[in-house]
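Letter by letter, the chains look like this.
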Amino acid sequence: PRPGAVPVYNLEIQGQHVYEVGESGLLVHNMCLVQRFGTGGGHHIFSKAAFEGVPGYRKLDALAIPKKELERLGLRHLYEDSITSKQIELFGELARSGRPNTLAEHARIAREVLEYAGLSKSDARKVVQKAQKQLESWGVTAPSRIPWQR
């Protein structure tokens, strides 16, 4: 710790989300921006299909990584080898496992998807916690279904 006040700066490096700082080459990571889906579209942190019909769930207000942020971070949202294809894989595994369909399982999947996309474990955990707190503030405590499963 340093004595007294120390200036700190919040930087955003365009086109990069991990970069080196200082003589030591310390790696620094831009935090992923999240906002309500209705503002910038993009990727819902918790799959919106999992909460269809759940009282209190508001898909347009639910937290998402907006389209522009997906582009900034170089994340593929749809198609092969994307965050959505990883969600489909993990929700399929949940369905086959026989484990209960809980908010905790959906949070685990959301974290794993964000880590797969390149976010650090710490950032993925923070983003998912924020989205889960939002759901809980709406009284949403459980998903209605496992997405992409019949």
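Residues numbered from 1 in each chain as written. Predicted model: local features only at pLDDT ≥ 70, side-chain atom pairs only at ≥ 80, totals over all residues. Heavy atoms only, no water.

From N to C terminus, the protein chain includes five helices and five strands. When the elements of the protein chain are put in sequence order from the N terminus, they spell out β-β-β-α-β-β-α-α-α-α. Counting every position in the protein chain, which comprises 150 residues, the buried fraction comes to 39%. A sequence separation of at least 24 residues applies to 66% of the contacts in the protein chain between residues at least 6 apart. Carbon and sulfur atoms make up 53% of the accessible area of the protein chain, which amounts to about 9,300 Å² in all. (Helix = DSSP H or I, 4+ residues; strand = E, 2+ residues; numbered from the N terminus. Buried < 20%, exposed > 50% of the residue type's maximum accessible area, 1.4 Å probe, protein only. Contact = heavy atoms within 4.5 Å. Areas by Shrake-Rupley, 256 points an atom, 1.4 Å probe, with all protein chains shown as cover.)

Once that is clear, we can look at the side chain of Ser-82. Its location among the elements puts Ser-82 in the loop between helix H2 (67-73) and helix H3 (83-97). Setting aside residues no more than four positions away along its own chain, Ser-82 makes contact with Arg-76, His-77 and Tyr-116.

Here we take up the sheet that holds strand S3 (residues 35-36). Pairing is antiparallel in the open sheet, where three strands are placed in the order S3-S5-S4. Strand pairing shows two members of the sheet lacking a second neighbour, S3 and strand S4 (43-44), which therefore form its edges. Sheet topology places S4 next to strand S5 (residues 63-65); two bridges connect them, and they run antiparallel. Each bridged residue has a counterpart across the sheet, and for His-43 the counterpart in S5 is Ile-65. (Pairing = 2+ DSSP bridges.)

Time to look at helix H4 (residues 103-116). Relative to the 20 Å expected for 14 residues at 1.5 Å per residue, H4 spans 20 Å between its end C-alpha atoms, a close match to the ideal helical length. For H4, the complete set of buried residues consists of Leu-103, Glu-105, His-106, Ala-107, Arg-108, Ile-109, Ala-110, Val-113 and Leu-114. Tucked into the core, H4 has its buried residues touching S4, S5, H3 and helix H5 (121-137). (Expected span 1.5 Å × (residues − 1).)

Take the environment of Asn-101 next. Inspection of the secondary structure puts Asn-101 in the loop between H3 and H4. For Asn-101, a relative accessible area of 24% gives the class partly exposed. Separated by 42 residues in sequence, Asn-101 and Pro-143 have C-alpha atoms that sit 7.0 Å apart. Those residues within four positions of Asn-101 in sequence are excluded, and the remaining contacts are Leu-94, His-106, Pro-143, Ser-144, Arg-145 and Ile-146. Only 3.5 Å separates the side chain of Asn-101 from the backbone oxygen of Arg-145, close enough to count as a polar contact. (Polar contact = N/O pair within 3.5 Å; in protein donor to acceptor, adjacent residues only side chain to side chain.)

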